[in-house]
Amino acid sequence: MEFSAERIVAEIDLGAVLHNMESMKDNLSKGAMLCAVLKTNAYGHGAVGIARVLEKVPYVWGYACAAFEEAAELREAGMKKPILLLGYVFPSCYEDLARLDIRPAVFREDMLDQLSAAAEKTGRSIRVHAACDTGMGRIGIRPDETGLAFLDRVLHTRGLILEGMFTHFARADEAGGEANTRGQIEAFRGLAESCRKQLGYRIPILHCLNSAGIISYADAEMDMSRAGITLYGLWPSGEVPKDIIDIRPVMSLRSRLVFVKEVEAGFPVSYGSTFVTDKRTRIATVPVGYGDGYPRSLSGRGYVLVHGKKAPILGRVCMDQFMIDVTDIPEAAEGDRVTLIGRDGNEVITMEALGDMSGRFNYELACCISQKRVPRTFINAD
Ligand SMILES: *Cc1c(COP(=O)(O)O)cnc(C)c1O
C-alpha cells in the first residue's frame, strides 16, 4: 500500500528544477549539454518525476544513475534519453543493460569481454564511458600508459563503442581545492589527448564537471557536465561561491499538527524526559520521526515552522513522532501545516540549515528522507 500524503509529504518543485538547470546552462558555453545526475532516486527527490520534465529539455543529454535498477526504472517509466551508470555494474545485468540501451562506466579489464559477450548475445552494441581516476581514488583507469592501453582495448573490443570518458573531482567544492582540481583536469585532458594522438580516436563525449565544477571551473567544460546537487537547489558545500549560479531549493517537507495541549510547569516530554517544562507550555505533536528520515540528532535542538514562525523541538525525536513548543504561536491548532524543510511565510529552513542543526551532510539528509514512507508530490510542473 502506498503511503498517503496526509501525514508527511515531500513537495517537489519542478519549476525550480528547470530554473536550476537553466541557471547552470547559462554559466556554461552556448551549446552546453548537461547530464542530470538522478542516482538515489534523484537525491531523494523522485527520479521518475524529475526525469519526466527533463526529458523535454533539449540541452539535457540524459541521466546518470549509480545502480542498474535505477536506470531500468527510468526506462520502464518511458524515458528515452541516454542513461549512464557512474559506478561498477555487475555482469548479471549486462544483457539487460544492452537491451535497455544503458551506458556503463568501464574501468576493469574483465568488464570488456563480459560486455562484449552481452552485446553479441543481444545483437546490440553497447556504448560505454571510460571512468578515469585523476585523484578521487575510487574507480577508474589511471591517466597514464596503462589507461591508454585500456582505451585501446575498449576500441578493439567487438560490440563496444567508446562514446565517452569522464573523471570526478575530489575537491572542487573547497576554497583551497584549486590546485588539486586543476591537476585533475590536466591529467584527464592528457589522457584524452593521448587517445586522440596515439590511438587516432577523438572520444566524442569528454566530461569532468560536477556541480561544484559547473560553478567554479566552467572553463573546463569539455563536451558535457554532470549536474547533481545543484539541480536540486542545494549547494555542494558552504565554500563554493553563491553568486555565480542562482538556484532554488526543490524539496519542501511538510506535515500537520496532530495533537495540541497546554501543560503545567514540570511536565516531562519524550523518551528520557530530557526536556521538562519550566512554565505553562503549549505543546504540539508532529507525526514524523527518524523512521521517515528526519534526524534524531535534532532532538532538543532543531525547530520547524508553524504559521510562518519557528517552533522549537522539545525533547527527543521518536521514530514516528516529535513534540514542539507552540506557546508563542497561539493560533496553532490540530490539523495546521508544519514545515520541516522549506519556506513558510518569511521563514525558511534549508536543507543546509537542517544539515548544520543535525550534524548531517545536506546530500545525505535529502537521500535519507524515506523513499517508502514519504510520498513525493510534484508541483509547478508548467
Ligand atoms: C554523484 C556524482 C556526480 C554529481 O555530483 P554533485 O556534487 O551532486 O554534482 C557527478 N559525477 C559523479 C561521477 C558522481 O558520482
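Residues numbered from 1 in each chain as written. Predicted model: local features only at pLDDT ≥ 70, side-chain atom pairs only at ≥ 80, totals over all residues. Heavy atoms only, no water.

In this section: the overall build of the protein. Along the protein, the regular secondary structure elements total 11 helices and 20 strands. Sorting the 382 residues of the protein into buried and exposed places 54% on the buried side. In the protein, once contacts between residues fewer than 6 apart in sequence are set aside, the share between residues at least 24 apart is 66%. Accessible area of the protein: about 16,400 Å², with a carbon and sulfur share of 50%. One finds the centroid of the 45 positive side-chain charges in the protein at a distance of 2 Å from the centroid of its 50 negative side-chain charges. (Helix = DSSP H or I, 4+ residues; strand = E, 2+ residues; numbered from the N terminus. Buried < 20%, exposed > 50% of the residue type's maximum accessible area, 1.4 Å probe, protein only. Contact = heavy atoms within 4.5 Å. Areas by Shrake-Rupley, 256 points an atom, 1.4 Å probe, with all protein chains shown as cover. Lys, Arg positive; Asp, Glu negative; His and termini not counted. Charge placed at Lys NZ, Arg CZ, Asp CG, Glu CD.)

Taken together, the neighbourhood of the ligand is formed by Val-37, Lys-39, Tyr-43, Leu-86, Arg-138, His-168, Asn-210, Ser-211, Arg-226, Gly-228, Ile-229 and Tyr-363. In the model, an oxygen atom of the ligand is placed 3.1 Å from a nitrogen or oxygen of the Arg-138 side chain. Here an oxygen atom of the ligand and a backbone polar atom of Gly-228 are 3.2 Å apart. Surface burial for the ligand is 93%, taken as the share of its 390 Å² of free accessible area covered by protein chains. (Near = heavy atom within 4 Å. Polar contact = N/O pair within 3.5 Å; in protein donor to acceptor, adjacent residues only side chain to side chain.)

Another aspect to go through is the pairing of strand E16 (residues 309-314). Alignment of strand E15 (residues 303-306) against E16, held across four bridges, turns out to be antiparallel. Bridging from a neighbouring strand, Tyr-303 pairs with Pro-312 of E16. Taking the residues that link successive antiparallel strands as the turn, the E15-E16 hairpin has two residues, and the phi of His-307 there is positive, at about 50 degrees. Here two bridges tie E16 to strand E17 (residues 322-325), and the two strands are oriented antiparallel to one another. The residue bridging Leu-314 from the neighbouring strand is Met-323, located in E17. (Pairing = 2+ DSSP bridges.)

Ranked by size, the top nonpolar core spans 127 residues in total, and within it Leu-38, Leu-54 and Ile-324 carry the most contacts. Counting only domains with at least three residues in this core, you end up with domain 1 (14-232) and domain 2 (251-349). If we skip the residues at most four places from it in the chain, Ile-324 touches Leu-257, Arg-282, Ile-283, Ala-284, Val-286, Val-304, Val-306, Ala-311, Pro-312, Ile-313 and Leu-314. Judged by nonpolar contacts, the second largest core, of five residues, contains Val-263, Val-269, Ile-283 and Met-323. (Core = buried A, V, L, I, M, F, W, Y, C linked by side-chain atoms within 4.5 Å. Domains from an automatic or database assignment.)

Under the counting rule described, the total for this entry stands at seven aromatic pairs. Ring centres of Tyr-43 and Tyr-363 lie 5.9 Å apart, and the angle between their planes is 35 degrees; this geometry places the pair in the tilted category. Of this pair, Tyr-43 sits in helix H2 (residues 39-43) while Tyr-363 sits in helix H11 (residues 362-368), and the two are 320 residues apart along the sequence. A centroid spacing of 6.3 Å and a plane angle of 70 degrees characterise the contact between Tyr-88 and Phe-107, whose relative ring orientation is edge-to-face. Placement of Tyr-88 in the loop between strand E4 (83-85) and helix H5 (94-99) and of Phe-107 in the loop between strand E5 (102-106) and helix H6 (109-122) is noted, with a sequence separation of 19 residues between them. An aromatic cluster of three or more residues is present, and its members are Tyr-43, Tyr-232, Phe-361 and Tyr-363. (Phe/Tyr/Trp six-rings, centres within 6.5 Å; stacked < 30°, edge-to-face > 60°.)

Below, the discussion takes up helix H4 (residues 68-76). For H4, the set of buried residues is Phe-68, Glu-70, Ala-71, Ala-72, Leu-74 and Arg-75. Residues of H4 that are buried make contact with H2, helix H3 (47-54), strand E3 (60-65), E4, H5 and E5.

Before going further, it helps to examine the sheet that holds E4. Hydrogen bonds between backbone atoms are what pair the strands of a sheet, whose relative direction is either parallel or antiparallel. Around the barrel, which closes on itself, the eight strands sit in the order E2-E3-E4-E5-E6-E7-E8-E9 with parallel pairing between neighbours. Sheet twist, expressed as the average angle between the axes of neighbouring strands with direction ignored, equals 30 degrees. Across two bridges, strand E8 (residues 205-209) lies against strand E9 (residues 224-227) in parallel orientation. Across the sheet, the residue bridging to His-207 is Met-224, located in E9. Contacting E3, E4 and E5, H4 crosses the sheet at an angle of about 170 degrees to E4. Sheet contacts for helix H8 (residues 178-199): strand E6 (126-132), strand E7 (160-167) and E8; angle to E7, the most-contacted strand, approximately 160 degrees. (Axes fitted to C-alpha atoms, helices over the stretch in contact; angles between N-to-C directions.)

Unlike most non-glycine residues, Ala-42 shows phi in positive territory, near 55 degrees. Along the chain, Ala-42 falls in helix H2. Here Met-222, not a glycine, exhibits a phi torsion of approximately 60 degrees, which is positive. Position of Met-222 relative to the elements: it lies in the loop between helix H9 (211-216) and E9. Exposure remark for Met-222: the relative accessible area of 23% places this residue in the partly exposed category.

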